[in-house]
Amino acid sequence: VKLLESGGGLVQAGGSLKLSCAQSGGTFSSYAMGWFRQAPGKEHEFVAAITWSGGTTYYPDSVKGRFTISRDNAKSTVYLQLSSLKPEDTAVYYCAADRVMGRPVVIRRKEDFGSWGQGTQVTVSS
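So, a few notes on the structure that sits alongside this text. (Residues numbered from 1 in each chain as written. Predicted model: local features only at pLDDT ≥ 70, side-chain atom pairs only at ≥ 80, totals over all residues. Heavy atoms only, no water.)

1. Observations concerning the side chain of Glu5
Relative to the helices and strands, Glu5 is located in strand β1 (residues 2-6). In this structure, Glu5 is buried with no salt-bridge partner, the nearest side chain bearing the opposite charge being Lys2 at 10.0 Å. Within the structure, the side chain of Glu5 is placed 3.0 Å from the backbone nitrogen of Gln118, a separation counted as a polar contact. (Helix = DSSP H or I, 4+ residues; strand = E, 2+ residues; numbered from the N terminus. Buried < 20%, exposed > 50% of the residue type's maximum accessible area, 1.4 Å probe, protein only. Lys, Arg positive; Asp, Glu negative; His and termini not counted. Salt bridge = Lys/Arg side-chain N within 4 Å of Asp/Glu carboxyl O. Polar contact = N/O pair within 3.5 Å; in protein donor to acceptor, adjacent residues only side chain to side chain.)

2. Notes on the sheet that holds strand β3 (residues 17-24)
Read from one edge of the open sheet, 4 strands run β1-β3-β8-β7, paired in antiparallel fashion. At either end of the open sheet lies a strand with only one pairing partner, and these are β1 and β7 (67-72). Sheet twist, expressed as the average angle between the axes of neighbouring strands with direction ignored, equals 15 degrees. For β7 and strand β8 (residues 77-82), the ladder comprises 6 bridges, and the chain directions are antiparallel. Across the sheet, residue Ser70 finds its bridge partner in β8, namely Tyr79. (Pairing = 2+ DSSP bridges. Axes fitted to C-alpha atoms, helices over the stretch in contact; angles between N-to-C directions.)

3. Description of the nonpolar core
By size, the foremost hydrophobic cluster in this structure holds 25 residues, and its most contacted members are Trp35, Phe67, Ile69, Val78, Leu80, Leu82 and Tyr93. Elements that contribute at least two residues to this core include exactly β3, β4 (33-38), β5 (45-50), β7, β8, β9 (91-98) and β11 (120-125). At 4 residues, the largest contribution of residues to this core is made by β9. Formed by 7 residues, the second largest nonpolar core is a distinct cluster that contains Ala32, Ala49, Ile107 and Phe113. (Core = buried A, V, L, I, M, F, W, Y, C linked by side-chain atoms within 4.5 Å.)

As structure tokens, then:
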């Protein structure tokens, strides 16, 4: 399984970006997906997850109402819409795929994810 993120960039505070993560290999539609971010000097932070069907999503309070995760199983792609961006959202954003096929619940622990992309940089200027 290979994951490739795209869509990062530099944006002003209050702006929006849409990140994409395309999977090659494996059966994308059978795996829950998630997004994490890592700011300089900080640990990975969970920001969004979606079940394999797309029926359930989960966000931490820090991004709830501003970020939206979605997926297109026909395109083997998961998306993260970032809105109302703040300077503290600046980080490298990573997508990740569940270790377990067909898990029916949302996962959010880093150790639950088995495949990771290389990351895409998001920089929010004030």
